[in-house]
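Chain and residue survey
For reference, the chains in residue letters:
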Amino acid sequence: MDLLSIDSLSDEQIATLLERGEHWFEENRARRPAEPLKGRLVLNLFYEHSTRTAMSFAAAAHRLGASPLFLPVEQSSVKKGETFEDTARTLGAMRPDCLVLRHRENGAPARMAGMVECPVINAGDGTNEHPTQALLDALAIRLRFRRIEGLKVAILGDIRHSRVAHSNALLLPRLGATVRLAGPAMLMPDELLATPSVDEAIEGADVVMMLRVQRERLAEELGDAPGEYLERYGLTPERLARAAPGAVVMHPGPMNRGVEIADEIADDPERSLILLQVEAGVALRMACLELLLA
Ligand code: NCD
């Protein structure tokens, strides 16, 4: 079994991942060691920069007793012109127990899954999907609210380039939440142009999920003066006041502070779930490795 997209998971598998994710969250907090995957080898292959996703997959493998290895792509034969197919087959020939792949091209993890025998996990492909991020977001919401059903989630910002938004828009409604997507017109996908404004989408929301403006994927520069994005579309205290009382703030990271999110909100210990998302990420990825490898 591979973990390539939200739709590749059954409702039952999603429920298992969230339950086991919560289990591992508690085990990690209690610092109880576990080694159900002792002796297993997890190869991590990241063609795009990453802090959270890369380290949390490594931490998850470690905490389960498996060994995570990283190919530093910048120093690898990829730089000598080796094709993606040859890299995939080469790593597959080392008989790993799992391959975790982040790639700038949509569909690369699915292509890799067709070339290797072990399970492949999609750690983010282009603008397509980032299924484990959506699952860890769901786990963080559940840890905070003790439910997901019935919650209103506003996902705001660079929707056009966001694999995180895409996977969350597929996952959260399956768990009973209502999702509203909004952002500047030039950062909305064409099929979603008629959506509400950021201010409308945030109205009464229980969860406000901000997205990074992905400058590396923008063909043309936004052209805005610094501070202008925050003023018009970003999460400021004034804008957050439109959300439901007790609303929480999420961001997959990395944040552009002062662009999509104001400092005082990012650092608000009551309302910001941003570091809880990171902690939930290790636990959720342990649940994924367990599901695929145990
Ligand atoms: C995101 C990603 O890479 O898709 N970050 C993450 O994995 N936590 C979002 C982003 O890069 O903006």
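On a predicted model such as this, the values are computed, not experimentally measured, just so you know. (Residues numbered from 1 in each chain as written. Predicted model: local features only at pLDDT ≥ 70, side-chain atom pairs only at ≥ 80, totals over all residues. Heavy atoms only, no water.)

Moving on: the domain arrangement of the protein. If you check the domain split of the protein, you get domain 1 (6-129 + 278-293) and domain 2 (131-273). Placing a centre on the C-alpha atoms of domain 1 and another on those of domain 2 gives a separation of 25 Å. Here domain 1 packs against domain 2, burying approximately 2,400 Å² in sum over the two surfaces, 60% of which is carbon and sulfur. Contact with domain 2 buries area across many residues of domain 1, yet I6, L18 and E22 alone supply 26% of it, more than any other trio. (Domains from an automatic or database assignment. Buried area = accessible area lost by both parts, 1.4 Å probe.)

Here we come to the site of the ligand. Near the ligand, the surroundings consist of T53, R102, H130, Q133, R163, V164, R212, Q214, P252, G253 and P254. Separating a nitrogen atom of the ligand from a side-chain N or O atom of Q133 is a distance of 3.2 Å. The contact in question runs from an oxygen atom of the ligand to an N or O atom on the side chain of R212, over 2.7 Å. Relative to its free-state accessible area of 310 Å², the ligand is covered by the protein chains to the extent of 94%. In terms of residue class, the shell around the ligand is made up of three nonpolar, five polar and three charged. (Near = heavy atom within 4 Å. Polar contact = N/O pair within 3.5 Å; in protein donor to acceptor, adjacent residues only side chain to side chain. Areas by Shrake-Rupley, 256 points an atom, 1.4 Å probe, with all protein chains shown as cover. Nonpolar A, V, L, I, M, F, W, Y, C, P; charged D, E, K, R; others polar.)

The end-to-end C-alpha distance of helix α5 (residues 131-145), which contains 15 residues, comes to 21 Å, matching closely the 21 Å that a straight helix rising 1.5 Å per residue would cover. Within α5, twelve of the 15 residues are buried, which leaves the element mostly enclosed by the surrounding structure. Burial in α5 covers these residues: P131, T132, Q133, A134, L135, L136, D137, A138, L139, A140, I141 and L143. The first or second residue beyond α5 is R146, which carries a positive phi of 65 degrees. (Helix = DSSP H or I, 4+ residues; strand = E, 2+ residues; numbered from the N terminus. Expected span 1.5 Å × (residues − 1). Buried < 20%, exposed > 50% of the residue type's maximum accessible area, 1.4 Å probe, protein only.)

With that settled, consider the sheet that holds strand β3 (residues 98-103). Read from one edge to the other, the open sheet built from four strands follows the order β2-β1-β3-β4, with strand pairing classed as parallel. The strands lining the two open edges of the sheet, one partner per strand, are β2 (67-71) and β4 (120-125). Adjacent strand axes in the sheet meet at a mean angle of 15 degrees, parallel and antiparallel pairs treated alike. Bridge count for strand β1 (residues 41-46) against β3 is five bridges, and the pairing is parallel. Across the sheet, the residue bridging to V42 is C98, located in β3. (Pairing = 2+ DSSP bridges. Axes fitted to C-alpha atoms, helices over the stretch in contact; angles between N-to-C directions.)

Side chains three or four residues apart in an α-helix point the same way, a direct result of the helix having 3.6 residues per turn. Of the positions making up helix α3 (residues 84-92), those classed as buried are F84, T87, A88, L91 and G92. Each buried residue of α3 lies within a common arc of 130 degrees when the element is viewed along its axis, so the set occupies one face. In the core, the buried residues of α3 are packed alongside β1, β2, β3 and α4 (108-113). (Arc of directions from axis to C-beta. Contact = heavy atoms within 4.5 Å.)

Another point: the state of the cysteines. Evaluation of the coordinates by the stated rule reveals zero disulfides. With no disulfide of its own, C118 lies 6.1 Å from the sulfur of C98, the closest cysteine sulfur. With a relative accessible area of 10%, C118 lands in the buried category. For C288, which is in no disulfide, the shortest distance to another cysteine sulfur is to C98 and amounts to 9.3 Å. The exposure class of C288 is buried, given its relative accessible area of 0%. (Disulfide = S-S within 2.5 Å.)

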